[in-house]
Amino acid sequence: MEEKREGFGSRIGFILAAAGSAVGLGNIWRFPYLAAKYGGGIFLLTYLILVVSFGFSLMVTEISLGRKTGKSVIGAYKQADKRFGFLGPVAALVPFIITPYYCVIGGWVIKYLVTFASGQAQSATDDGYFGGFISQFGEPSVYFIIFAVLTAAVVIFGVEKGIENVSKILMPVLVVLSIGIAVYTMTLPGAGAGVKYYILPDFKGFTVIKFMKTIVAAMGQLFYSMSLAMGIMVTYGSYMRKQDSIEKSTRQISFFDTLIAIIAGLIIVPSVFIFSGGDEAALNAGPGLMFVTLPKVFDSMRGGHIAGCAFFVLVAFAALTSSVSLLETMVSIITEKFGLKRAGSTAICLVIVFVMGMLSVMGYSNLSEVTIFGYQILDFFDFISNNIMMPIVALLTCILIGYIVKPKYIEDETTLNGEKFRSKGLYEIMTKFVCPVFMIIILLTPFIAEI
Ligand code: PFF
């Protein structure tokens, strides 16, 4: 028998849960290293412009599509237009690929939290600490399983009792923690120069090629950070109350998401800047910035162990509310497809997460020799979802809305409660012209880079 569709109990509950989905490792782990790598202020400025134009439009589309159809991503696309029904399963596949490896990284965060909380921060400053940890099989698996089970524990309680209630507690804590740590790091001696590097665009030595690369990186980050093009916002939209404003909610979710990313950068970039004396190589540490460089920074500060501990609590909370949204999207698909109860679908999804997550764990240990198109297993999952599948989903979604069902299909949903869709003009231009062109550029970039 099919379960009655659940929903969020309040507008603030929806906003916090959707913001909880958006604010995650993408904001705290990925955004700061990209900003540091792509020239600080220029990346920041590019990203901000993309959020209010491109990110805004795609999020309005997804939330409206979910709310209008009341379906998970598979049913939603089919209902909009039968010929685009195939897009549902493609979008649905994305969380099935991302959730397992996301939980593996969530496990790494728990490991660092335990290290800092047990007063062993010093050991995390060794150069080989991170590499040594992930190249084992046992410990990363245990932390991965802990993180995945925690995620499932929230999802199993359902939309209102589980996701909404947990988000209502964790999200305010997250904001307070992040502001507190940022204020602390910015008052450290010498932080000013780092803040300047991070915030002020410096156009010296900036070439067109560099600028193109920055745009592509910022756009990839936008999908990742705003949880777009993978069915999450369609799913959450389907739980949204009809009387609430989609446009206003989208603005608030994007604001929240961007705010936390900027604050995370304010914590990480100036501290690494002070620690390294403004050395470009340290700022360009890439994905290792949070796990390798930052522990050294915390260890070198006065009170840094407490700040480090608070920081990893922050990251763990952010990662948890995001992995909950990823798992919830999987669960909603399985529930709808097979007519199962929530507990049963959650159990099935957890098994899938275990199996695929273990592959990612082993990709750094037992299977470290295995590469797919030159990528390690976890990186391959990340590449195929973010660089290929998500731009394809976004491109086809824009074509579906812009040219097949027409923007009015979405606009009707946004104006359902008599409210005016204030950004209608921007929305149409983005959906019909700008977004599709950007998506094609993203899809072509690996080939252009090759040439
Ligand atoms: N938006 C979340 C984050 O920034 O971490 C969760 C997430 C969604 C991560 C989609 C990755 C992803 F591809």
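Residues numbered from 1 in each chain as written. Predicted model: local features only at pLDDT ≥ 70, side-chain atom pairs only at ≥ 80, totals over all residues. Heavy atoms only, no water.

With that settled, consider the overall build of the chain. In terms of regular secondary structure, the chain is built from 19 helices and 0 strands. For 451 residues, the compact-globule formula gives about 22 Å, and the C-alpha radius of gyration of the chain, at 21 Å, lands near that figure. Principal-axis analysis of the C-alpha atoms gives the chain an extent of 55 × 50 × 45 Å. Across the 451 residues of the chain, 59% fall into the buried class. (Helix = DSSP H or I, 4+ residues; strand = E, 2+ residues; numbered from the N terminus. Rg over C-alpha atoms; globule rule 2.2 N^0.38 Å. Buried < 20%, exposed > 50% of the residue type's maximum accessible area, 1.4 Å probe, protein only.)

Phi is positive for Phe-373, which is not a glycine, with a value near 50 degrees. Here Phe-373 lies in the loop between helix H16 (342–362) and helix H17 (377–404). For Phe-373, a relative accessible area of 75% corresponds to the exposed category. The phi angle at Lys-406 is positive, at roughly 75 degrees, despite the residue not being glycine. You can see Lys-406 is positioned in the loop between H17 and helix H18 (408–414).

If you check the shell around the ligand, you find 15 residues, and the closest are Ala-22, Gly-26, Ile-98, Tyr-102 and Tyr-224. Here Ala-22 contributes a backbone N or O atom positioned 2.9 Å from a nitrogen atom of the ligand. One of the side-chain nitrogen or oxygen atoms of Ser-227 is found 3.0 Å away from a nitrogen atom of the ligand. Here the ligand, which alone exposes 330 Å², has 100% of that area covered by the protein. The set of elements that each furnish at least two residues to the shell around the ligand consists of helix H1 (11–22), helix H2 (25–37), helix H5 (87–117), helix H10 (208–226) and H17. With 3 residues, H2 is the single largest residue contributor to the shell around the ligand. For the shell around the ligand, the class distribution of residues is 7 nonpolar, 8 polar and no charged. (Near = heavy atom within 4 Å. Polar contact = N/O pair within 3.5 Å; in protein donor to acceptor, adjacent residues only side chain to side chain. Areas by Shrake-Rupley, 256 points an atom, 1.4 Å probe, with all protein chains shown as cover. Nonpolar A, V, L, I, M, F, W, Y, C, P; charged D, E, K, R; others polar.)

With respect to the helices and strands, Thr-414 occurs in helix H18. Between the C-alpha atom of Thr-414 and that of Ser-135, which follows or precedes it by 279 residues, the distance is 49 Å. In contact with Thr-414, other than residues within four places in its own chain, are Val-60, Ser-64, Ile-246, Glu-419 and Phe-421. One polar contact links the side chain of Thr-414 to the main-chain carbonyl oxygen of Glu-411, over a distance of 2.7 Å. (Contact = heavy atoms within 4.5 Å.)

What follows is about the packing of aromatic side chains. What the rule picks out here adds up to 30 aromatic pairs. With a centroid separation of 5.2 Å and 85 degrees between ring planes, the pair formed by Phe-311 and Phe-312 is classed as edge-to-face. With a centroid separation of 4.7 Å and an interplanar angle of 20 degrees, the aromatic rings of Tyr-375 and Phe-383 are classed as stacked. Among the aromatic residues, ring-to-ring pairing joins Trp-108, Tyr-112, Phe-116, Tyr-129, Phe-130, Phe-291, Phe-298, Phe-311, Phe-312 and Tyr-364 into one connected group. Here the guanidinium or amino end of Lys-68 rests over the ring plane of Tyr-409, the centre of that ring lying 4.3 Å away. Over the aromatic face of Phe-56 sits the side chain of Arg-251, whose NZ or CZ is 4.1 Å from the ring centroid. (Phe/Tyr/Trp six-rings, centres within 6.5 Å; stacked < 30°, edge-to-face > 60°. Lys NZ or Arg CZ within 6 Å of the ring centre and 35° of its normal.)

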